[in-house]
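Structural features, examined
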Amino acid sequence: MTIQSKTTILFTLLTATVFTILSIVVYYFSNKFAYADFYKRLELRVHIASKFRFEQDHNTTESFKVIQRQFLERLPEEKSYIVPLSAAGVPQPPFPPNVPESYLSNIKKAKGETIFYQHRLDHYAGIFYKDETGDFLVIESAENIYGGEIIRQLGYILLITLIASVIIIYSVGLYFSKRAFRPFRYITERVKSISEGNLHLRLKQQPGNDEIAALVDTFNNMLDRLSTAFEAQNNFVSHASHEFRTPLTTIIAEADYALSRERNPEDYQQSLSNIVQQSEKLQRLTKGLLALAQSGFDGKTQRWEKIRLDELIFRIKENVTDVEPENKVRIKLPDLPEHEDDISVYGNEELLKVALDNIVLNGCKYSGNAPVTVELQLDKTQAIIIVTDKGIGIPTNEVKYIYDPFFRASNTSRFEGYGIGMPLTRNIMRMHRGSIEVISAENQGTTIKVFLPLASRRGLSLKQD
């Protein structure tokens, strides 16, 4: 069942419930008023009957009936009864029909107050009257035909009104719910028509600042992100396939060349050397792509520990020396703080080494092993690792693209690389709740700043998350 139908039915049920309660209240009080009015008429007649019977020269009951017909509206099946009481206070027949002895006893006990009784359609009103001739019970009876008929008609009217109201309310509710949910139907149909082949389509902007407009904006923003992600993925696959194809083509060509005919040992050795070189290149590319893919994890599956940054920087210097023995990396450390947490971070040491190794090795590579400075700065909340080189730099208009996978600056063609290092580094920094900043200009060198939250701030940062 759709939300539109649920809303219409719920609105109808709520309104029908209110109308039903109101109808019951109206019927109840109308019925109560009708019977109260009828009983008052009976009470009036029983008092008049007692007056005529006992106070006006002891007129007979027949004389009272003549006056009643002339001056009072006669009630349906109206009858008067005078029941004498014996000296012992026992009612003497004849008794009114269908009246129990308990009712007569209650009239006697009431000492002048009117007592009412109902038997089916017959209603009775009786009083106790004391006269010099004795004690009597004066009883008037009649049928409440008109009042009952009015109440029945009122019940029919209320029931018909209730049914008609429910139908009208449901129809009106259905109409307005259709209008209210029309934008949602449009959104649903439009979103269903959008697939990976037409991610350029967008929902039509809605006027106003209501929830519908906010929902449309949210969908459009989501489609923008999806479109960007698909485009990035397509570019990634395209670049990756191209980078893989080049060494694989070279390896196959060298093997075909070596196997095409008999050659001397030097030719075989040269072909095998080229194959090994391209295989190593392919291995490095595969390792970089694997690390880039793994860096997209949320960090919950990696082993996290407290890492001293000064020790980490020295280990990075050792790694760089293994790769570039002629490097001129210089380390600058501040005065060490008293508390270890003020120079430590929480993270995965291997991932941080990969990220920082990449930054320092890039500085060495693109500066021709000119001096590269690695400086550690500390403040109250974070550590800042600054890597500065005097290399070729990055053209100013290309700095914004360095985090795109496989992007390489236009002035790096003579250097071997794949454009994976900086996207990988940024992903690792994000995993560690850190950030990276690149300041560079062509032929003026590059400065890269890495910001990481200190271990002393870990508890606070977790609370804020």
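Residues numbered from 1 in each chain as written. Predicted model: local features only at pLDDT ≥ 70, side-chain atom pairs only at ≥ 80, totals over all residues. Heavy atoms only, no water.

Here we look at the pairing of strand β4 (residues 134-143)
Most of β4 is tucked away, with 8 of its 10 residues classed as buried. Turn length for the strand β3 (residues 122-131)-β4 hairpin, with the two strands adjacent in sequence and antiparallel, is 2 residues. (Buried < 20%, exposed > 50% of the residue type's maximum accessible area, 1.4 Å probe, protein only. Helix = DSSP H or I, 4+ residues; strand = E, 2+ residues; numbered from the N terminus. Pairing = 2+ DSSP bridges.)

Some thoughts on the environment of Tyr81
Along the chain, Tyr81 falls in strand β1 (residues 79-84). When its relative accessible area of 17% is taken as the criterion, Tyr81 is described as buried. C-alpha of Tyr81 to C-alpha of Phe136: the two residues are 55 residues apart in sequence and 9.9 Å apart in space. Apart from residues no more than four positions distant in its own chain, Tyr81 is found in contact with Pro96, Pro97, Leu137, Val138, Ile139 and Ser141. (Contact = heavy atoms within 4.5 Å.)

Section: the pairing of strand β2 (residues 115-119)
Bridge count for β2 against β3 is 5 bridges, and the pairing is antiparallel. What sits directly across from Tyr117, in β3, is Tyr124. Once β2 ends, the chain turns through 2 residues before running back antiparallel as β3, passing Arg120 with a positive phi of about 60°.

A word on the UniProt feature "transmembrane region" (unreviewed entry) in the chain
Under the UniProt annotation, the feature "transmembrane region" (unreviewed entry) is placed at residues 7-29 and 154-176. Here residues 7-29 is 100% helix and 0% strand, with 33 Å between the C-alpha atoms at its ends. Helix makes up 100% of residues 154-176 and strand 0%. Its end C-alpha atoms lie 32 Å apart. (UniProt positions renumbered as here; feature names shortened; annotations may be inferred.)

Section: the pattern of salt bridges
Per the counting criterion, the structure on display carries 5 salt bridges. With its nearest N and O atoms 2.9 Å apart, the salt bridge here joins Asp341 to Lys306. Taken together, the residues Asp341 in the loop between β6 (329-332) and β7 (344-347) and Lys306 in strand β5 (residues 305-308) connect sequence positions 35 residues apart. The partner of Arg315 in a salt bridge is Glu349, with the nearest N and O atoms 2.6 Å apart. Of this pair, Arg315 sits in helix α8 (residues 309-323) while Glu349 sits in helix α9 (residues 349-365), and the two are 34 residues apart along the sequence. (Salt bridge = Lys/Arg side-chain N within 4 Å of Asp/Glu carboxyl O.)

Thoughts on the packing of aromatic side chains
The relative placement of two aromatic rings is captured by the distance of their centres and the angle of their planes. What the rule picks out here adds up to 4 aromatic pairs. With 5.1 Å between their ring centres and 80° between their planes, Tyr28 and Phe29 make a pair best called edge-to-face. Ring centres of Tyr175 and Phe176 lie 5.2 Å apart, and the angle between their planes is 75°; on these two criteria the pair is classed as edge-to-face. A relative accessible area of 49% means that Phe176 is categorised as partly exposed. (Phe/Tyr/Trp six-rings, centres within 6.5 Å; stacked < 30°, edge-to-face > 60°.)

Thoughts on the sheet that holds β6
One open sheet accounts for 5 strands, arranged β6-β8-β9-β11-β10; its pairing is mixed. Two strands in the sheet have a free side with no partner beyond their single neighbour: β6 and β10 (435-440). In this sheet, adjacent strand axes meet at a mean angle of 15° when their direction is disregarded. Here strand β9 (residues 382-389) runs beside strand β11 (residues 446-453); their pairing, made up of 8 bridges, is antiparallel. For Ala383, the partnering residue across the bridge sits in β11 and is Leu452. (Axes fitted to C-alpha atoms, helices over the stretch in contact; angles between N-to-C directions.)

Observations regarding helix α3 (residues 101-110)
Along α3, the positions that sit buried rather than exposed are Tyr103, Leu104, Ile107 and Ala110. Axial view of α3: buried residues confined to an arc of 125°, hence all on one face. For α3, the exposed residues set more than 90 degrees away from the buried face come down to Glu101 and Lys109. Close packing links the buried residues of α3 with β2, β3 and β4. Backbone geometry just downstream of α3 places Lys111 in the positive-phi region, at approximately 55°. (Arc of directions from axis to C-beta.)

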